[in-house]
Amino acid sequence: MFRNNLLGSLLVLLLLVFGLLSCLWAVRYYFSVVEAQRLQGQYQKLQATMAGMQSLVNETIEYSRRNPDVDPLLFQYNLKPRAGTNVPPNTPGTPRPR
Amino acid sequence: MDTPDIFSQSTPPPERLPESAHGTADRVAVLEQECQDLRTLFNGVFLAMLCLALAVNFFMFKQMRLIQQQVNDQRPMVRRSTEEFLQNRHPEISRFMAQLHTYAAAHRDYQTNILDRYRPVLSQYFPAAAPVQSVAPLYSTTNIMAPPRTPGR
């Protein structure tokens with residue numbers, strides 16, 4: 001049939017090529033989405049760690065008002081301003097000025 | 001398309017051959033016309049499917065490029081943030097958390113009320129949990145809450 005119908009053969013061939021191209025785009029799209037999700041998860045985990053750390057520091061500062069014996073630890077990391085100084089408190093992990 | 005098979009089945013008797021030859025030619029013409037119509041229809045359908053495939057291809061290509069561009073934009077930012085965190089913040093947080101654990105070991109209220117609540121979020125800075133023992137607890141000599149031991153036992 002295809003020997004007598006050159007146009008039909010050409011159309012079938014083109015359709016096959018487009019089908020293969022669609023598969024290629026689909027595979028590349030899938031792997032791109034997987035990588036995007038991985039990057040997003042990594043970044044969100046980092047953000048969650050920082051937010052959790054900040055919250056822990058805040059609660060520790062609050063705790064230090066009732067139990068001042070944790071103060072040396074907070075002073076050491078510059079998380080709580082010493083009495084009589086105007087140095088702003090730091091967050092753990094923030095590079096301190098050397 | 002082999003036409004002789006079709007006509008061999010409906011071959012008329014020899015005595016009426018001159019009359020039916022004209023009808024056979026008509027049938028052939030009709031069949032040829034139908035075949036041509038089918039071929040045209042086939043080409044039309046395939047052309048429509050090609051248009052559809054072209055549109056699908058275009059859409060998928062655009063989507064793929066979009067997400068790839070997004071990934072290419074995100075990758076350096078996430079890598080930079082991660083490296084910055086691991087180089088600068090992680091060591092300091094680890095030291096701070098180690099000291100907090102030491103402090104919490106001596107202050108159980110801090111351990112139970114504050115530090116333990118952050119175990120799910122900051123699990124990487126917590127030591128691995130000890131396995132739960134199903135046997136009766138052993139009283140440590142350093143535990144001030146333990147009941148005093150009876151001498152002589």
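Residues numbered from 1 in each chain as written. Chains lettered and ligands numbered in written order. Predicted model: local features only at pLDDT ≥ 70, side-chain atom pairs only at ≥ 80, totals over all residues.

**Re the overall build of chain B**
Move 1: Each helix and strand in chain B was counted, giving 3 helices and 0 strands.
Move 2: Mapped in sequence order, the helices and strands of chain B form the string α-α-α.
Move 3: Relative to its 153 residues, chain B shows a buried fraction of 6%. (Helix = DSSP H or I, 4+ residues; strand = E, 2+ residues; numbered from the N terminus. Buried ≥ 20, exposed ≤ 12 C-beta atoms within 10 Å, placed from the backbone.)

**What about the overall build of chain A?**
Move 1: Check the secondary structure of chain A and you find 2 helices and 0 strands.
Move 2: The buried share of chain A, taken over its 98 residues, is 14%.
Move 3: Of the contacts formed within chain A by residues at least 6 apart in sequence, a portion of 15% connects residues at least 24 apart. (Contact = placed C-beta atoms within 7 Å.)

**Here we look at the interface of chain A and chain B**
Move 1: Each partner contributes to the interface: chain A provides 38 residues, whereas chain B provides 39 residues.
Move 2: Looking at the side of chain A that touches chain B, the element that brings in the most residues is helix α1 (residues 6-66) of chain A, giving 30 residues.
Move 3: Of the residues assigned to the side of chain A that touches chain B, the class counts are 24 nonpolar, 11 polar and 3 charged. (Nonpolar A, V, L, I, M, F, W, Y, C, P; charged D, E, K, R; others polar.)

**Focus on the confidence of the model for chain B**
Residue and element names in this part refer to chain B.
Move 1: Overall, the prediction assigns chain B a mean pLDDT of 79, with 71% of residues at 70 or greater.
Move 2: Mean pLDDT values for the elements of chain B range from 49 in helix α1 (residues 4-9) up to 91 in helix α2 (residues 17-106).
Move 3: Counting contacts from residues 131-153, a segment whose pLDDT is below 50, to residues more than four positions away or on other chains yields 3 contacts.
Move 4: Of the two predicted TM-score estimates for the complex, the pTM is 0.65 and the ipTM is 0.70. (pLDDT = per-residue confidence, 0-100.)

**Observations regarding unusual backbone geometry**
Move 1: With a phi angle near 60 degrees, N78(A) is a residue other than glycine that sits in the positive phi range.
Move 2: Turning to its location among the elements, N78(A) is positioned in the segment after α2 (71-76).

**Points about the environment of I93(B)**
Move 1: Structurally, the position occupied by I93(B) is in helix α2.
Move 2: I93(B) sits 32 residues away from Y125(B) along the chain, and the two C-alpha atoms are 8.1 Å apart.

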